[in-house]
Amino acid sequence: MIQEPDDFLRAVEAALFVAEAPMTPVALKLHVGDAGDLDATLRVLADHYAGRGVNLVERGGRWHFQTAPDLAHILRREKDEQRKLSRAAMETLAIIAYHEPVSRAEIEAIRGVQVAKGTLDVLIEAGWVRPAGRREVPGRPLIYATSVEFLSHFGLSSRRDLPGLEDLRAAGLLDPVDLALEGLTGQSVVENDEEEA
Amino acid sequence: MIQEPDDFLRAVEAALFVAEAPMTPVALKLHVGDAGDLDATLRVLADHYAGRGVNLVERGGRWHFQTAPDLAHILRREKDEQRKLSRAAMETLAIIAYHEPVSRAEIEAIRGVQVAKGTLDVLIEAGWVRPAGRREVPGRPLIYATSVEFLSHFGLSSRRDLPGLEDLRAAGLLDPVDLALEGLTGQSVVENDEEEA
Amino acid sequence: MAEWQDYAPSSVSPAPPSQAPRPDMLTVSFDHWEGPLDLLLTLARNQKVDLREISILALTEQYLAFIDSARQLKLELAADYLVMAAWLAYLKSSLLLPRQEQPDPSPEELALRLQLRLQRLHAMRDAAARLMARDRIGRDVFPRRKPEGLRLVRKAQWKASLYGLIQAYGQIRARTQPVVHTIAVRPVMTLDEAIQRVASLVGAAIDWTRLEAFLPADLDQPKARSALASSFVAALELARQGRLDIQQDGIFEPIYLRAAAPGGTQG
């Protein structure tokens, strides 16, 4: 059954292994010569690799090795990491949620500090914020809005569920005294967490 | 006889196939998981590829696929021509490999000439030699050793595979001259006594 | 011992060792050797295949002859070649000395030491050649030229709570809202009012009376405190004017007032 691989087959195998791109039989012959039946050898090789982790496939007359399609997850292994949103990102998200759609300049105006480049990226990567077109004003800035994932992550059925300013005040969340106190206890009122966004 | 490759083996095969550098079993496990006996699988794979155009080899505890050496002539390309190492660099590399860790002064003692400025740099730049701390003697000289890249480049599973290492060791040719002299003069004194007697 | 392999990388070419070991056959260019030890090794290998059997005396003579011929050709010789020549000349004369006149260390030991050094250099040269002859990556064996690469994608699972969100918003608003200071109009009893009131009431009080008794009844809290403070200051002012006396038994004790006794101020 299993025949010892002959040198021609070994050469074809090696040539395809090192190739930078899929190879036509003509190109292969430049390397491996004419010492064997190339078409037959390619078929034997393709058969040999058929059930393995690496397959030899032909696409548009060019041959190449590729990993078996069902193993894609091995090659791109994702590892979940729980990460806490930085304060800058949290504030930016809050502003988008309350004021959407907003441009970056508007977010900065409300926050009173610049929005670092990575901050919006993080929110978009998290799936909570999406670009929502451009504002038809000079410069046509991108505007941002929250996503459906945002609502589901925070358990909101709509943005209207967000507590209004009056609710916030009643809850003491607008109390400057709290803010000052938080500053004193070192809970980062100062905007030095931009870079960790 | 031939057993159908199982998914774990296929995964290991695919991971090694796409890997950009030789992989340790630990790194492999990050991708292929723990669903099988990795060491045994690596050996099965190495056996499977042993006679083929592509081989699975272990170098310094790391595994990679490479083409069979006898096929070099069909695979070598003009631009693969490597920068030739100077004789000084080759000897210095050999001295480091067979004596490691070794200081510059010790290399010079063997070669009988100073190690030129660029010689060690070339070897370190090639990734074959690395500084390996300092010798705790007066002056605390830097000492050098070979790297895992050295092993993979020269096709060595481990330093024990260095050609002729055991012979050289047995012949005392890796001992410093002083040490060898001690042994020899001890003997020669006896011989002289016998002659005189 | 592994056989001594000829070491002849193409970049270096002293005269092939297989040729007759005549010193003048060596190309007289000192660029070929990496120092005197290298030259000595070349000479030694011309003499014997096994370096353990070479004659150091013969080697010394070859080296000296070689240096001499170079001198006759008026070649520039690096200092270390001459140093080695001098040392070998000394070694040669010591080796030829009668035994009892031998200096310490013995010339035999020096010769042996040189031999050991040559053996070691030769061994490493041999090892280097064998190392270079191995199947080297990129020359004899090839990895894939364009591997796709394994990716370990760290996917962040961002954590954030609704409370954190609205708290953040509250803090932005609190931080960025202009702070307005409103000074509330508080219910107070003015000093003038208090002086008038205390002055009129104290006239009616013959005996010591507590300060609080001079305050209007049923005042609410802020006004009551203001009235107390104003009345106290009013009492001080009236006392200064000599219109009433103040008495307090100690700190925080009740303060008593009465109309000023004619002619006396103490109380």
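Residues numbered from 1 in each chain as written. Chains lettered and ligands numbered in written order. Predicted model: local features only at pLDDT ≥ 70, side-chain atom pairs only at ≥ 80, totals over all residues. Heavy atoms only, no water.

Undergrad: Outline the sheet that holds strand E4 (residues 102-103) of chain A, listing residues and values.
TA: Residues and elements named next belong to chain A. Here we have three strands laid out as an open sheet, ordered E4-E6-E5, and antiparallel in their pairing. In the strand order of this sheet, the two ends are held by E4 and strand E5 (129-134), each with one partner. Bridging between E5 and strand E6 (residues 142-146) involves four bridges; their strand directions are antiparallel. When the bridges of E6 are listed, arginine 134 appears paired with leucine 142. Most of the contacts of helix H5 (residues 87-99) go to E6, to which it runs at about 90°, and overall it touches E4, E5 and E6. (Pairing = 2+ DSSP bridges. Helix = DSSP H or I, 4+ residues; strand = E, 2+ residues; numbered from the N terminus. Contact = heavy atoms within 4.5 Å. Axes fitted to C-alpha atoms, helices over the stretch in contact; angles between N-to-C directions.)

Undergrad: Account for the interface of chain C and chain B, naming residues and giving values.
TA: If you look at the interface, chain C gives 47 residues, while chain B gives 62 residues. Carbon and sulfur atoms supply 61% of the area buried between chain C and chain B, which totals about 4,900 Å² over both sides. When the buried surface of chain C facing chain B is broken down by residue, Arg120(C), Met124(C) and Leu150(C) rank first, second and third, together holding 15% of it. Taken together, the links from chain C to chain B amount to six salt bridges. Viewed at the interface, chain B and chain C are joined by 17 residue pairs in polar contact (both at pLDDT 80 or more). Mapped by element, the contributors of at least two residues to the side of chain C that touches chain B are helix H1 (36-47), helix H4 (107-132) and strand E1 (151-159) of chain C. If one sorts the elements of the side of chain C that touches chain B by residue count, H4(C) sits on top with 16 residues. Residues of the side of chain C that touches chain B, tallied by class, amount to 23 nonpolar, six polar and 18 charged. (Buried area = accessible area lost by both parts, 1.4 Å probe. Salt bridge = Lys/Arg side-chain N within 4 Å of Asp/Glu carboxyl O. Polar contact = N/O pair within 3.5 Å; in protein donor to acceptor, adjacent residues only side chain to side chain. Nonpolar A, V, L, I, M, F, W, Y, C, P; charged D, E, K, R; others polar.)

Undergrad: Can you tell me about the interface of chain B and chain A, naming the residues and giving the values?
TA: Chain B puts 29 residues into the contact, and the matching count from chain A is 30 residues. Looking at the side of chain B facing chain A, the largest losses of area belong to Arg10(B), Phe17(B) and Arg52(B), adding up to 25% of the total buried there. Taken together, the connections running from chain B to chain A amount to four salt bridges. Notably, a salt bridge pairs Arg10(A) with Asp70(B), separated by 2.8 Å at the nearest N-O pair. Counting the contacts that link chain B with chain A gives 14 residue pairs in polar contact (both at pLDDT 80 or more). Elements supplying a minimum of two residues to the side of chain B that touches chain A: helix H1 (7-18), helix H2 (25-32), helix H3 (38-49), strand E2 (62-67) and helix H4 (72-75) of chain B. The greatest single-element share of the side of chain B that touches chain A, amounting to eight residues, is contributed by H1(B). Looking at the side of chain B that touches chain A, its residues break down into 18 nonpolar, six polar and five charged.

Undergrad: Describe the side chain of Ser147(A), naming the residues involved and giving the relevant values.
TA: Residues and elements named next belong to chain A. Mapped onto the secondary structure, serine 147 falls in the loop between E6 and helix H8 (148-153). Judged by its relative accessible area of 8%, serine 147 falls in the buried class. Here the side chain of serine 147 touches glycine 127 through a polar contact of 2.5 Å, landing on its backbone oxygen. (Buried < 20%, exposed > 50% of the residue type's maximum accessible area, 1.4 Å probe, protein only.)

Undergrad: Explain the pattern of salt bridges residue by residue, including any values.
TA: Counted by the stated rule, this structure contains 35 salt bridges over all chains. The shortest N-O distance in the salt bridge between Arg87(B) and Glu91(B) comes to 3.9 Å. You can see Arg87(B) and its partner Glu91(B) sitting in helix H5 (residues 87-99), four residues apart, about one turn around the helix. According to the relative accessible area criterion, Glu91(B) is buried, its value standing at 1%. A salt bridge links Arg87(B) to Glu34(C); its shortest N-O distance comes to 3.9 Å. Placement of the pair is Arg87(B) in helix H5 and Glu34(C) in the segment before H1, with the two residues belonging to separate chains. For Arg87(B), a relative accessible area of 7% gives the class buried.

Undergrad: I'd like to hear about the sheet that holds strand E5 (residues 142-146) of chain B, residue by residue, with values.
TA: Residues and elements named next belong to chain B. Strand order across the open sheet formed by three strands is E3-E5-E4, with antiparallel pairing between neighbours. In the strand order of this sheet, the two ends are held by strand E3 (102-103) and strand E4 (129-134), each with one partner. Two strands pair when backbone bridges link them, and E3 and E5 are joined in this way by two bridges, in the antiparallel orientation. Counted as the bridge partner of valine 102 is tyrosine 144 from E5. On the sheet, H5 packs against E3, E4 and E5 and is oriented at approximately 90° with respect to E5.

Undergrad: Describe a nonpolar patch on the surface, naming the residues involved and giving the relevant values.
TA: Residues and elements named next belong to chain C. There is a patch of nonpolar side chains on the surface, built from Leu191, Phe232, Val233 and Leu236 and spanning about 300 Å² of accessible area. Sorting elements by how many residues they give to the nonpolar patch places helix H7 (residues 221-240) first, with three residues. Within the secondary structure, leucine 191 is located in helix H6 (residues 191-204). By relative accessible area, leucine 191 is classed as partly exposed at 37%. (Patch = residues over 30% accessible without salt bridge, like charges linked within 9 Å, V, L, I, M, F, W, Y side chains within 5 Å. Areas by Shrake-Rupley, 256 points an atom, 1.4 Å probe, with all protein chains shown as cover.)

Undergrad: So, the packing of aromatic side chains: which residues are in play, and what are the values?
TA: Under the definition given, this model contains twelve aromatic pairs over all chains. Relative to Phe65(B), the ring of Phe17(A) has its centre 6.3 Å away and its plane inclined at 70°; by these criteria the two rings are edge-to-face. On the criterion of chain membership, the pair formed by Phe17(A) in helix H1 (residues 7-18) and Phe65(B) in strand E2 is interchain, its members lying in two chains. As far as burial versus exposure is concerned, Phe17(A) and Phe65(B) are alike and both buried. Taken together, the ring pairs connect Phe17(A), Tyr49(A), Phe65(A), Phe17(B), Tyr49(B) and Phe65(B) into an aromatic cluster. Sitting over the face of the ring of Phe17(B), Arg144(C) holds its NZ or CZ atom 3.6 Å from the ring centroid. (Phe/Tyr/Trp six-rings, centres within 6.5 Å; stacked < 30°, edge-to-face > 60°. Lys NZ or Arg CZ within 6 Å of the ring centre and 35° of its normal.)

Undergrad: Could you give an account of H3(B), with specific residues and numbers?
TA: In this model, H3(B) (twelve residues) spans 16 Å end to end at C-alpha, consistent with the 16 Å of a helix rising 1.5 Å per residue. Those residues of H3(B) that sit buried are Leu38(B), Thr41(B), Leu42(B), Leu45(B), Ala46(B) and Tyr49(B). Down the axis of H3(B), the buried set is contained in an arc of 135°. They therefore lie on one face. Opposite the buried face of H3(B), at more than 90 degrees from it, the exposed residues are Arg43(B) and Asp47(B). Buried residues belonging to H3(B) abut helix H3 (38-49) of chain A together with H1, H2, strand E1 (54-59) and E2 of chain B. (Expected span 1.5 Å × (residues − 1). Arc of directions from axis to C-beta.)

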